[in-house]
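Survey of secondary and tertiary structure
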Amino acid sequence: MRTEKNVTGQIAFAAGLLAGSFATFLLTTSRKNKKRDASQCASDQLKNNNNSQNTAAQSAQTMPDEIRSEMLSRNSLYFASSNGMPDITNSCVLVVGLGGVGSHTAHMLARSGVKYLRLVDFDQVTLSSLNRHAVATLKDVGLPKATVLCNYLRQICPDECRLVLDPVVKMYTGDRERDGTIMDPPDGVKQWDVVIDAIDDVPTKANLIGYCAKRDIRVISCMGAGGKADPTRVHISDLRSASRKQLATAARQRLRMMAKKEAKDSGEKITNGSGVANGGWLSCVDDDSKLAVVFSSEKVVAKLAAITDEQKEEGMHNFGAVDNMRVRVLPVVGTMPAIMGQTLAAMALCELGGKPFSPVGAERVGRNVRHKLYQHLRSREKKLQDTLTPTLKEGSDNYTTSGTYIGTIQIDPDDVEYLMAELWKNKCAISGERLGTVLELYRWDMTKPATPNNLVLLSVKSAQKFEKDFEELGDGRKGVDDVNRARIEKRLTMCVLDAEDEYEY
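Thresholds applied
- Residues numbered from 1 in each chain as written.
- Predicted model: local features only at pLDDT ≥ 70, side-chain atom pairs only at ≥ 80, totals over all residues.
- Heavy atoms only, no water.
- Buried < 20%, exposed > 50% of the residue type's maximum accessible area, 1.4 Å probe, protein only.
- Helix = DSSP H or I, 4+ residues; strand = E, 2+ residues; numbered from the N terminus.
- Pairing = 2+ DSSP bridges.
- Right-handed = clockwise from strand over helix to strand, strands pointing away.
- Contact = heavy atoms within 4.5 Å.
- Axes fitted to C-alpha atoms, helices over the stretch in contact; angles between N-to-C directions.
- Parallel < 35°, antiparallel > 145°, perpendicular 65-115°, else oblique.
- Left-handed = near helix turned anticlockwise from the far one by under 90°.
- Nonpolar A, V, L, I, M, F, W, Y, C, P; charged D, E, K, R; others polar.
- Core = buried A, V, L, I, M, F, W, Y, C linked by side-chain atoms within 4.5 Å.
- pLDDT = per-residue confidence, 0-100.
- Polar contact = N/O pair within 3.5 Å; in protein donor to acceptor, adjacent residues only side chain to side chain.
- Patch = residues over 30% accessible without salt bridge, like charges linked within 9 Å, V, L, I, M, F, W, Y side chains within 5 Å.
- Areas by Shrake-Rupley, 256 points an atom, 1.4 Å probe, with all protein chains shown as cover.
- Salt bridge = Lys/Arg side-chain N within 4 Å of Asp/Glu carboxyl O.
- Phe/Tyr/Trp six-rings, centres within 6.5 Å; stacked < 30°, edge-to-face > 60°.
- Lys NZ or Arg CZ within 6 Å of the ring centre and 35° of its normal.

Of the two faces of strand β4 (residues 194-197), the one holding V194 and I196 and the one holding V195 and D197 are both buried throughout. As paired strands, strand β1 (residues 92-96) and β4 are joined by 4 bridges and run parallel to one another. Pairing of V93 across the sheet is with V194, part of β4. Bridge count between β4 and strand β5 (residues 219-222): 3 bridges; the pairing is parallel. Bridge pairing links I196 to I220 in β5. With helix α10 (residues 202-214) bridging β4 and the parallel β5, this β-α-β connection has right-handed handedness.

On to the environment of N151, then. Tracing the backbone shows N151 in helix α8 (residues 145-156). On the accessibility criterion, N151 (47% relative accessible area) is partly exposed. Considered as a pair, N151 and V135 are 16 residues apart in the sequence and their alpha carbons are 9.7 Å apart.

The next point concerns the side chain of S241. Within the secondary structure layout, S241 lies in the loop between β6 (234-237) and α11 (246-266). Residue classification places S241 among the buried positions, given a relative accessible area of 15%. Not counting chain neighbours up to four residues away, the residues in contact with S241 comprise F295 and R434.

How two helices sit against one another is set out by the angle between their axes and by the gap between those axes. One way to put it is that α10 packs onto α11 with a least axis distance of 9 Å and a crossing angle of 55 degrees. With respect to α11, the axis of α10 lies oblique. You can see that α10 and α11 cross each other, and the crossing is right-handed. Of the residues in α11, those in contact with V202, P203, K205, A206, N207, I209, G210 and K214 of α10 are L247, A250, A251, R254, L255, M258 and E262. Here the residues of the contact of α10 with α11 are counted per class, giving 9 nonpolar, 2 polar and 4 charged.

To continue, consider the nonpolar core. If you look at the biggest cluster of nonpolar residues, it comprises 45 residues, and the most contacted ones within it are V93, V95, L109, L117, L119 and L153. Among the elements that make up this core, the one with the highest residue count is helix α13 (residues 335-352) (8 residues). Not counting chain neighbours up to four residues away, the residues in contact with V93 comprise L109, V114, Y116, L117, R118, W192, V194, I196 and L352. If you look at the next biggest cluster of nonpolar residues, it comprises 37 residues, including V189, I217, A242 and M258.

Here the protein chain averages 82 in pLDDT, while 77% of its residues score no lower than 70. Note that residues 45-60 has pLDDT below 50 and, in this model, 19 contacts with residues that lie over four places away or in other chains. Confidence over residues 272-278 falls short of pLDDT 50; this stretch has 24 contacts with residues more than four positions distant or in other chains.

Another aspect to go through is the side chain of H107. Structurally, the position occupied by H107 is in helix α7 (residues 100-111). H107 sits in the buried class, given a relative accessible area of 11%. Reaching out from H107, the side chain makes a polar contact with the side chain of R111 at a distance of 2.7 Å.

Residues L127, L138 and V141 make up a contiguous nonpolar surface patch of about 300 Å² in total accessible area. Within the fold, L138 resides in the loop between β2 (116-120) and α8.

Right, let's get into the packing of aromatic side chains. Using the criterion set out here, one finds 4 aromatic pairs in the structure. An angle of 85 degrees between the planes, with centres 5.0 Å apart, marks the rings of Y78 and F79 as edge-to-face. Relative accessible area serves as the criterion here: at 44%, Y78 is assigned to the partly exposed category. Under the relative-accessibility criterion, F79 is labelled buried at 4%. Here the guanidinium or amino end of K355 rests over the ring plane of Y78, the centre of that ring lying 4.2 Å away.

Listed below in C-alpha coordinates is the structure:
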(Lines give C-alpha, C1' and ligand atoms only; values in the text may rest on other atoms or scores of the structure.)
Protein backbone atom coordinates (compact mmCIF):
# COMPACT_ATOMS: atom_id res chain seq x y z
CA MET A 1 0.00 0.00 0.00
CA ARG A 2 2.79 2.40 0.96
CA THR A 3 4.62 1.54 -2.29
CA GLU A 4 1.51 2.30 -4.34
CA LYS A 5 1.12 5.64 -2.57
CA ASN A 6 4.78 6.48 -3.24
CA VAL A 7 4.40 5.63 -6.93
CA THR A 8 1.20 7.68 -7.15
CA GLY A 9 2.92 10.63 -5.42
CA GLN A 10 5.92 10.42 -7.72
CA ILE A 11 3.65 10.38 -10.77
CA ALA A 12 1.76 13.43 -9.48
CA PHE A 13 5.00 15.22 -8.71
CA ALA A 14 6.38 14.45 -12.19
CA ALA A 15 3.14 15.64 -13.78
CA GLY A 16 3.26 18.87 -11.77
CA LEU A 17 6.90 19.42 -12.68
CA LEU A 18 6.14 18.86 -16.35
CA ALA A 19 3.17 21.24 -16.22
CA GLY A 20 5.25 23.87 -14.41
CA SER A 21 8.05 23.59 -16.96
CA PHE A 22 5.59 23.90 -19.81
CA ALA A 23 3.99 26.99 -18.20
CA THR A 24 7.41 28.54 -17.68
CA PHE A 25 8.26 27.83 -21.32
CA LEU A 26 5.04 29.49 -22.48
CA LEU A 27 5.60 32.52 -20.21
CA THR A 28 9.19 32.95 -21.39
CA THR A 29 8.14 32.60 -25.02
CA SER A 30 5.35 35.14 -24.49
CA ARG A 31 7.72 37.65 -22.91
CA LYS A 32 10.27 37.23 -25.68
CA ASN A 33 7.59 37.75 -28.29
CA LYS A 34 6.51 40.98 -26.60
CA LYS A 35 9.99 42.50 -26.41
CA ARG A 36 10.82 45.29 -28.75
CA ASP A 37 13.93 47.36 -29.15
CA ALA A 38 13.32 50.76 -27.45
CA SER A 39 15.58 52.70 -29.77
CA GLN A 40 13.68 51.33 -32.79
CA CYS A 41 10.42 52.45 -31.18
CA ALA A 42 11.86 55.93 -30.63
CA SER A 43 13.02 56.10 -34.23
CA ASP A 44 9.58 54.97 -35.46
CA GLN A 45 7.83 57.53 -33.30
CA LEU A 46 10.12 60.40 -34.24
CA LYS A 47 10.14 59.60 -37.95
CA ASN A 48 6.44 58.57 -38.14
CA ASN A 49 7.50 55.59 -40.22
CA ASN A 50 5.85 52.51 -38.68
CA ASN A 51 5.63 49.36 -40.73
CA SER A 52 3.04 46.65 -40.06
CA GLN A 53 5.42 44.44 -38.08
CA ASN A 54 6.39 47.27 -35.73
CA THR A 55 2.76 48.28 -35.34
CA ALA A 56 1.86 44.79 -34.17
CA ALA A 57 4.72 44.77 -31.66
CA GLN A 58 3.80 48.26 -30.47
CA SER A 59 0.15 47.33 -29.93
CA ALA A 60 1.23 44.58 -27.52
CA GLN A 61 2.87 47.26 -25.34
CA THR A 62 0.41 50.13 -25.84
CA MET A 63 -0.96 51.76 -22.69
CA PRO A 64 -4.52 53.10 -23.05
CA ASP A 65 -4.75 56.88 -23.11
CA GLU A 66 -7.09 57.00 -20.11
CA ILE A 67 -4.64 55.03 -17.94
CA ARG A 68 -1.65 57.13 -18.94
CA SER A 69 -3.68 60.30 -18.42
CA GLU A 70 -4.64 59.24 -14.90
CA MET A 71 -1.03 58.28 -14.09
CA LEU A 72 0.08 61.82 -14.94
CA SER A 73 -3.03 63.62 -13.70
CA ARG A 74 -1.39 65.30 -10.68
CA ASN A 75 1.49 66.58 -12.80
CA SER A 76 -0.98 67.78 -15.42
CA LEU A 77 -2.82 69.81 -12.78
CA TYR A 78 0.43 71.41 -11.65
CA PHE A 79 1.45 72.39 -15.18
CA ALA A 80 -2.06 73.33 -16.32
CA SER A 81 -1.39 77.08 -16.14
CA SER A 82 1.60 76.78 -18.47
CA ASN A 83 0.07 73.99 -20.58
CA GLY A 84 3.40 72.29 -20.00
CA MET A 85 2.61 68.56 -19.91
CA PRO A 86 2.82 68.08 -23.70
CA ASP A 87 6.33 69.56 -23.59
CA ILE A 88 7.31 67.13 -20.82
CA THR A 89 5.80 64.09 -22.53
CA ASN A 90 7.66 64.94 -25.72
CA SER A 91 10.99 65.82 -24.09
CA CYS A 92 14.37 64.14 -24.46
CA VAL A 93 16.67 64.07 -21.44
CA LEU A 94 20.20 62.70 -21.07
CA VAL A 95 21.26 61.55 -17.59
CA VAL A 96 24.97 60.84 -17.10
CA GLY A 97 25.80 59.03 -13.87
CA LEU A 98 23.28 56.63 -12.33
CA GLY A 99 24.50 56.25 -8.78
CA GLY A 100 22.74 57.58 -5.69
CA VAL A 101 21.99 60.96 -7.26
CA GLY A 102 21.37 60.14 -10.92
CA SER A 103 19.18 57.09 -10.25
CA HIS A 104 16.74 59.19 -8.20
CA THR A 105 16.67 61.86 -10.90
CA ALA A 106 15.99 59.39 -13.70
CA HIS A 107 13.40 57.59 -11.60
CA MET A 108 11.35 60.75 -11.03
CA LEU A 109 11.71 61.96 -14.63
CA ALA A 110 10.28 58.65 -15.83
CA ARG A 111 7.41 58.77 -13.33
CA SER A 112 6.63 62.34 -14.40
CA GLY A 113 6.14 61.59 -18.08
CA VAL A 114 9.45 62.41 -19.80
CA LYS A 115 9.36 60.57 -23.11
CA TYR A 116 12.97 59.73 -23.96
CA LEU A 117 15.62 58.96 -21.36
CA ARG A 118 19.17 58.05 -22.27
CA LEU A 119 20.76 56.65 -19.13
CA VAL A 120 24.57 56.49 -19.13
CA ASP A 121 26.79 54.73 -16.60
CA PHE A 122 29.63 52.24 -16.98
CA ASP A 123 29.40 50.91 -13.42
CA GLN A 124 27.63 47.98 -11.81
CA VAL A 125 25.44 47.77 -8.72
CA THR A 126 27.45 46.76 -5.64
CA LEU A 127 26.38 45.81 -2.15
CA SER A 128 27.44 49.25 -0.91
CA SER A 129 25.23 50.87 -3.59
CA LEU A 130 22.09 49.62 -1.91
CA ASN A 131 22.04 52.30 0.80
CA ARG A 132 21.43 55.07 -1.74
CA HIS A 133 20.41 53.73 -5.17
CA ALA A 134 16.81 54.58 -6.07
CA VAL A 135 15.67 51.16 -7.26
CA ALA A 136 18.42 48.50 -6.95
CA THR A 137 17.86 45.45 -4.78
CA LEU A 138 20.07 42.62 -3.59
CA LYS A 139 19.35 40.53 -6.68
CA ASP A 140 20.67 43.39 -8.87
CA VAL A 141 24.19 43.30 -7.40
CA GLY A 142 26.70 42.75 -10.20
CA LEU A 143 24.37 44.03 -12.93
CA PRO A 144 24.95 47.31 -14.83
CA LYS A 145 23.25 50.28 -13.14
CA ALA A 146 21.80 51.42 -16.46
CA THR A 147 20.20 48.02 -17.07
CA VAL A 148 18.81 47.73 -13.54
CA LEU A 149 17.27 51.19 -13.72
CA CYS A 150 15.69 50.56 -17.12
CA ASN A 151 14.22 47.23 -15.99
CA TYR A 152 12.53 48.97 -13.06
CA LEU A 153 11.31 52.00 -15.02
CA ARG A 154 9.79 49.73 -17.64
CA GLN A 155 7.49 48.33 -14.96
CA ILE A 156 6.20 51.85 -14.32
CA CYS A 157 5.41 52.42 -17.99
CA PRO A 158 5.37 49.27 -20.15
CA ASP A 159 4.51 51.30 -23.27
CA GLU A 160 7.82 51.57 -25.10
CA CYS A 161 6.65 54.50 -27.19
CA ARG A 162 5.40 56.61 -24.28
CA LEU A 163 8.61 55.99 -22.34
CA VAL A 164 11.65 55.29 -24.48
CA LEU A 165 14.55 53.98 -22.39
CA ASP A 166 18.01 54.05 -23.92
CA PRO A 167 20.54 52.46 -21.52
CA VAL A 168 24.23 52.99 -22.32
CA VAL A 169 26.60 50.82 -20.28
CA LYS A 170 29.64 52.89 -21.03
CA MET A 171 31.74 55.59 -19.42
CA TYR A 172 31.44 59.13 -20.76
CA THR A 173 34.95 60.57 -21.21
CA GLY A 174 34.65 63.63 -23.45
CA ASP A 175 36.65 61.84 -26.16
CA ARG A 176 34.48 61.54 -29.26
CA GLU A 177 36.20 58.38 -30.47
CA ARG A 178 35.78 56.60 -27.15
CA ASP A 179 32.29 57.94 -26.43
CA GLY A 180 30.81 57.19 -29.81
CA THR A 181 27.22 58.42 -30.01
CA ILE A 182 26.62 58.95 -26.27
CA MET A 183 26.03 62.69 -26.69
CA ASP A 184 24.08 62.45 -29.96
CA PRO A 185 20.35 63.17 -29.49
CA PRO A 186 17.80 60.63 -30.79
CA ASP A 187 17.06 60.48 -34.50
CA GLY A 188 14.87 63.37 -35.58
CA VAL A 189 15.74 65.48 -32.50
CA LYS A 190 18.02 68.49 -32.97
CA GLN A 191 19.22 68.85 -29.39
CA TRP A 192 18.71 67.47 -25.89
CA ASP A 193 16.13 69.42 -23.90
CA VAL A 194 18.15 68.97 -20.70
CA VAL A 195 21.35 67.18 -19.73
CA ILE A 196 21.63 65.97 -16.13
CA ASP A 197 25.18 65.73 -14.79
CA ALA A 198 25.39 63.33 -11.85
CA ILE A 199 29.10 62.52 -12.30
CA ASP A 200 31.42 62.58 -9.29
CA ASP A 201 34.70 62.64 -11.23
CA VAL A 202 36.09 66.15 -11.88
CA PRO A 203 37.69 65.77 -15.36
CA THR A 204 34.67 63.91 -16.73
CA LYS A 205 32.23 66.38 -15.16
CA ALA A 206 34.13 69.34 -16.65
CA ASN A 207 34.24 67.69 -20.08
CA LEU A 208 30.47 67.16 -20.05
CA ILE A 209 29.72 70.72 -18.91
CA GLY A 210 32.14 72.16 -21.47
CA TYR A 211 30.65 70.09 -24.30
CA CYS A 212 27.13 71.31 -23.47
CA ALA A 213 28.14 74.95 -22.89
CA LYS A 214 29.77 75.16 -26.32
CA ARG A 215 26.56 73.90 -27.93
CA ASP A 216 24.14 75.91 -25.79
CA ILE A 217 22.64 72.77 -24.23
CA ARG A 218 20.96 73.25 -20.85
CA VAL A 219 22.85 71.49 -18.03
CA ILE A 220 21.77 70.87 -14.43
CA SER A 221 24.65 69.50 -12.38
CA CYS A 222 25.16 68.02 -8.92
CA MET A 223 28.24 69.00 -6.92
CA GLY A 224 28.58 66.02 -4.58
CA ALA A 225 26.49 64.46 -1.80
CA GLY A 226 29.16 62.61 0.17
CA GLY A 227 29.96 63.32 3.81
CA LYS A 228 26.87 65.51 4.38
CA ALA A 229 23.37 65.01 5.77
CA ASP A 230 21.63 68.36 6.42
CA PRO A 231 18.78 68.80 3.90
CA THR A 232 18.32 72.47 4.84
CA ARG A 233 21.76 73.27 3.39
CA VAL A 234 20.95 72.19 -0.18
CA HIS A 235 20.97 75.07 -2.68
CA ILE A 236 20.74 75.73 -6.41
CA SER A 237 22.94 78.41 -7.94
CA ASP A 238 25.46 79.19 -10.66
CA LEU A 239 28.80 77.39 -10.48
CA ARG A 240 30.78 80.33 -9.13
CA SER A 241 28.40 80.79 -6.18
CA ALA A 242 28.93 77.12 -5.31
CA SER A 243 32.70 77.32 -5.66
CA ARG A 244 33.33 77.34 -1.92
CA LYS A 245 32.64 73.61 -2.21
CA GLN A 246 35.58 71.39 -3.18
CA LEU A 247 34.03 69.60 -6.16
CA ALA A 248 32.55 72.84 -7.55
CA THR A 249 35.88 74.66 -7.17
CA ALA A 250 37.75 71.86 -8.91
CA ALA A 251 35.20 71.76 -11.74
CA ARG A 252 35.37 75.53 -12.30
CA GLN A 253 39.18 75.50 -12.33
CA ARG A 254 39.15 72.62 -14.79
CA LEU A 255 36.73 74.48 -17.08
CA ARG A 256 38.94 77.56 -16.99
CA MET A 257 42.01 75.49 -17.85
CA MET A 258 40.12 74.01 -20.81
CA ALA A 259 39.09 77.48 -22.02
CA LYS A 260 42.63 78.87 -21.69
CA LYS A 261 44.06 75.94 -23.64
CA GLU A 262 41.49 76.37 -26.41
CA ALA A 263 42.18 80.11 -26.51
CA LYS A 264 45.93 79.50 -26.74
CA ASP A 265 45.52 76.88 -29.48
CA SER A 266 43.31 79.21 -31.52
CA GLY A 267 45.38 82.34 -30.88
CA GLU A 268 42.57 84.09 -28.99
CA LYS A 269 42.89 85.93 -25.70
CA ILE A 270 40.81 84.98 -22.68
CA THR A 271 40.09 87.82 -20.27
CA ASN A 272 40.71 87.67 -16.56
CA GLY A 273 37.71 86.25 -14.76
CA SER A 274 34.80 84.63 -16.50
CA GLY A 275 31.82 86.89 -15.95
CA VAL A 276 28.77 86.98 -18.18
CA ALA A 277 30.07 90.12 -19.88
CA ASN A 278 33.05 88.23 -21.27
CA GLY A 279 30.80 86.07 -23.42
CA GLY A 280 31.96 82.75 -24.85
CA TRP A 281 31.09 79.34 -23.50
CA LEU A 282 32.99 79.87 -20.22
CA SER A 283 30.33 82.39 -19.17
CA CYS A 284 28.30 79.35 -18.10
CA VAL A 285 30.07 79.40 -14.71
CA ASP A 286 28.27 82.66 -13.87
CA ASP A 287 25.01 82.05 -15.69
CA ASP A 288 22.58 79.66 -14.02
CA SER A 289 20.32 79.78 -17.07
CA LYS A 290 23.06 77.82 -18.89
CA LEU A 291 24.46 75.78 -16.01
CA ALA A 292 22.59 75.38 -12.72
CA VAL A 293 24.28 73.45 -9.94
CA VAL A 294 22.82 71.70 -6.93
CA PHE A 295 25.16 71.73 -3.93
CA SER A 296 25.22 71.58 -0.16
CA SER A 297 26.69 74.44 1.86
CA GLU A 298 27.18 72.09 4.81
CA LYS A 299 30.76 71.41 5.81
CA VAL A 300 31.82 67.80 5.31
CA VAL A 301 31.33 66.07 8.64
CA ALA A 302 32.77 62.66 7.72
CA LYS A 303 36.14 62.01 6.14
CA LEU A 304 37.09 59.65 3.32
CA ALA A 305 37.85 56.09 4.35
CA ALA A 306 41.48 55.61 5.39
CA ILE A 307 43.91 54.02 2.96
CA THR A 308 44.38 50.37 3.91
CA ASP A 309 47.73 48.62 4.32
CA GLU A 310 46.87 46.48 1.30
CA GLN A 311 46.31 49.57 -0.87
CA LYS A 312 49.59 51.07 0.30
CA GLU A 313 51.45 47.86 -0.41
CA GLU A 314 49.98 47.11 -3.84
CA GLY A 315 49.58 50.71 -5.02
CA MET A 316 46.46 52.86 -4.98
CA HIS A 317 46.20 52.79 -8.78
CA ASN A 318 45.35 49.08 -8.65
CA PHE A 319 42.12 49.63 -6.71
CA GLY A 320 40.13 52.01 -8.92
CA ALA A 321 37.16 50.86 -10.98
CA VAL A 322 38.81 52.54 -13.95
CA ASP A 323 42.04 54.46 -14.44
CA ASN A 324 42.35 57.97 -12.95
CA MET A 325 39.18 57.77 -10.87
CA ARG A 326 38.77 58.21 -7.13
CA VAL A 327 39.87 55.20 -5.10
CA ARG A 328 39.16 56.19 -1.51
CA VAL A 329 35.63 55.47 -0.33
CA LEU A 330 33.24 58.35 0.38
CA PRO A 331 31.01 58.17 3.45
CA VAL A 332 27.41 58.67 2.30
CA VAL A 333 24.12 58.93 4.19
CA GLY A 334 21.62 57.65 1.64
CA THR A 335 19.16 60.50 2.16
CA MET A 336 21.45 63.21 0.75
CA PRO A 337 21.92 61.70 -2.76
CA ALA A 338 18.16 61.13 -2.90
CA ILE A 339 17.42 64.76 -1.97
CA MET A 340 19.91 66.09 -4.49
CA GLY A 341 18.68 63.75 -7.22
CA GLN A 342 15.08 64.81 -6.64
CA THR A 343 16.19 68.45 -6.70
CA LEU A 344 17.77 67.95 -10.12
CA ALA A 345 14.56 66.31 -11.33
CA ALA A 346 12.36 69.08 -9.91
CA MET A 347 14.31 71.81 -11.67
CA ALA A 348 14.39 69.90 -14.95
CA LEU A 349 10.65 69.14 -14.90
CA CYS A 350 9.63 72.69 -14.05
CA GLU A 351 11.77 74.08 -16.86
CA LEU A 352 10.52 71.50 -19.34
CA GLY A 353 6.93 72.23 -18.30
CA GLY A 354 7.30 75.99 -18.77
CA LYS A 355 6.96 76.72 -15.06
CA PRO A 356 10.53 77.38 -13.87
CA PHE A 357 11.23 78.47 -10.31
CA SER A 358 13.84 80.93 -9.11
CA PRO A 359 15.95 79.26 -6.38
CA VAL A 360 16.75 81.19 -3.22
CA GLY A 361 20.46 82.00 -3.14
CA ALA A 362 22.67 80.76 -0.34
CA GLU A 363 23.83 84.34 0.34
CA ARG A 364 21.47 86.42 2.46
CA VAL A 365 21.02 90.19 2.25
CA GLY A 366 21.17 92.23 5.45
CA ARG A 367 18.28 94.48 6.47
CA ASN A 368 20.41 97.64 6.26
CA VAL A 369 21.50 96.78 2.72
CA ARG A 370 17.90 96.18 1.65
CA HIS A 371 16.73 99.45 3.15
CA LYS A 372 19.59 101.36 1.55
CA LEU A 373 18.79 100.01 -1.93
CA TYR A 374 15.11 100.82 -1.50
CA GLN A 375 15.81 104.42 -0.46
CA HIS A 376 18.30 104.94 -3.28
CA LEU A 377 15.80 103.67 -5.86
CA ARG A 378 13.02 105.85 -4.47
CA SER A 379 15.23 108.98 -4.40
CA ARG A 380 16.47 108.36 -7.95
CA GLU A 381 12.97 107.87 -9.31
CA LYS A 382 11.70 110.98 -7.46
CA LYS A 383 14.52 113.06 -8.95
CA LEU A 384 13.70 111.77 -12.43
CA GLN A 385 10.02 112.57 -11.90
CA ASP A 386 10.82 116.16 -10.85
CA THR A 387 13.07 116.63 -13.87
CA LEU A 388 10.67 115.21 -16.48
CA THR A 389 7.30 116.47 -15.15
CA PRO A 390 7.42 119.57 -17.42
CA THR A 391 7.60 117.23 -20.44
CA LEU A 392 4.42 115.26 -19.65
CA LYS A 393 2.12 114.59 -22.57
CA GLU A 394 -1.02 116.64 -22.57
CA GLY A 395 -3.69 114.91 -20.55
CA SER A 396 -1.29 112.33 -19.04
CA ASP A 397 -0.11 112.14 -15.44
CA ASN A 398 2.61 109.60 -16.05
CA TYR A 399 3.96 109.68 -19.62
CA THR A 400 6.34 112.21 -21.11
CA THR A 401 6.39 113.22 -24.74
CA SER A 402 9.30 110.82 -25.27
CA GLY A 403 7.29 107.90 -23.80
CA THR A 404 9.12 107.68 -20.47
CA TYR A 405 6.98 106.68 -17.50
CA ILE A 406 7.32 108.76 -14.33
CA GLY A 407 5.64 108.05 -11.02
CA THR A 408 6.09 106.46 -7.62
CA ILE A 409 7.90 103.16 -7.35
CA GLN A 410 5.64 100.12 -6.99
CA ILE A 411 7.62 97.97 -4.59
CA ASP A 412 8.10 97.99 -0.84
CA PRO A 413 11.26 97.32 1.23
CA ASP A 414 10.32 93.65 1.71
CA ASP A 415 10.43 93.10 -2.06
CA VAL A 416 14.08 94.12 -2.23
CA GLU A 417 15.40 90.88 -0.71
CA TYR A 418 13.46 88.80 -3.24
CA LEU A 419 14.78 90.91 -6.11
CA MET A 420 18.38 90.75 -4.89
CA ALA A 421 18.68 87.21 -3.56
CA GLU A 422 16.19 85.23 -5.63
CA LEU A 423 15.76 87.02 -8.94
CA TRP A 424 19.25 88.47 -9.45
CA LYS A 425 21.29 86.20 -7.15
CA ASN A 426 23.08 89.16 -5.54
CA LYS A 427 24.97 90.02 -8.72
CA CYS A 428 24.87 92.60 -11.49
CA ALA A 429 22.42 91.62 -14.21
CA ILE A 430 24.77 92.84 -16.95
CA SER A 431 28.35 92.19 -15.81
CA GLY A 432 27.86 89.34 -13.37
CA GLU A 433 29.67 91.21 -10.57
CA ARG A 434 28.40 90.18 -7.16
CA LEU A 435 28.22 91.27 -3.54
CA GLY A 436 31.49 92.95 -2.62
CA THR A 437 30.83 95.64 -5.19
CA VAL A 438 28.16 98.32 -4.82
CA LEU A 439 24.87 97.18 -6.34
CA GLU A 440 21.72 99.23 -7.01
CA LEU A 441 18.24 98.60 -8.40
CA TYR A 442 17.38 100.30 -11.69
CA ARG A 443 14.32 100.41 -13.88
CA TRP A 444 14.95 98.32 -16.99
CA ASP A 445 12.26 99.58 -19.37
CA MET A 446 11.77 103.30 -18.78
CA THR A 447 8.39 103.24 -20.54
CA LYS A 448 7.01 101.13 -17.67
CA PRO A 449 6.71 101.73 -13.92
CA ALA A 450 9.22 100.56 -11.29
CA THR A 451 7.47 97.24 -10.59
CA PRO A 452 9.36 94.15 -9.38
CA ASN A 453 9.31 92.62 -12.86
CA ASN A 454 10.90 95.76 -14.32
CA LEU A 455 13.83 96.23 -11.93
CA VAL A 456 17.38 94.97 -12.47
CA LEU A 457 20.34 94.86 -10.13
CA LEU A 458 23.36 96.77 -11.51
CA SER A 459 26.89 97.47 -10.36
CA VAL A 460 28.02 101.10 -10.23
CA LYS A 461 29.96 100.77 -13.47
CA SER A 462 27.08 99.12 -15.34
CA ALA A 463 24.61 101.62 -13.88
CA GLN A 464 26.68 104.61 -15.02
CA LYS A 465 26.79 103.28 -18.57
CA PHE A 466 23.07 102.43 -18.44
CA GLU A 467 22.17 105.99 -17.40
CA LYS A 468 24.51 107.50 -20.01
CA ASP A 469 22.93 105.38 -22.75
CA PHE A 470 19.48 106.47 -21.58
CA GLU A 471 20.47 110.12 -21.88
CA GLU A 472 22.20 109.74 -25.26
CA LEU A 473 20.15 106.99 -26.93
CA GLY A 474 16.83 107.42 -25.15
CA ASP A 475 16.95 103.85 -23.87
CA GLY A 476 19.63 102.38 -21.58
CA ARG A 477 18.90 98.91 -22.95
CA LYS A 478 20.31 99.88 -26.34
CA GLY A 479 23.80 99.81 -24.86
CA VAL A 480 23.42 96.18 -23.74
CA ASP A 481 24.42 93.49 -26.24
CA ASP A 482 21.64 91.32 -27.67
CA VAL A 483 22.63 88.13 -25.83
CA ASN A 484 22.70 89.78 -22.40
CA ARG A 485 19.54 91.74 -23.12
CA ALA A 486 17.63 88.59 -24.05
CA ARG A 487 18.94 86.81 -20.95
CA ILE A 488 17.94 89.68 -18.64
CA GLU A 489 14.47 89.99 -20.14
CA LYS A 490 13.92 86.26 -19.84
CA ARG A 491 14.93 86.51 -16.20
CA LEU A 492 12.45 89.33 -15.61
CA THR A 493 9.62 87.12 -16.85
CA MET A 494 10.41 84.76 -13.97
CA CYS A 495 9.60 87.40 -11.35
CA VAL A 496 6.65 86.19 -9.26
CA LEU A 497 5.95 89.51 -7.51
CA ASP A 498 3.16 91.44 -9.22
CA ALA A 499 4.00 89.77 -12.51
CA GLU A 500 0.32 89.97 -13.47
CA ASP A 501 -0.11 93.65 -12.58
CA GLU A 502 -1.39 96.00 -15.27
CA TYR A 503 -1.07 99.75 -15.49
CA GLU A 504 -2.77 102.38 -17.59
CA TYR A 505 -1.13 104.14 -20.49
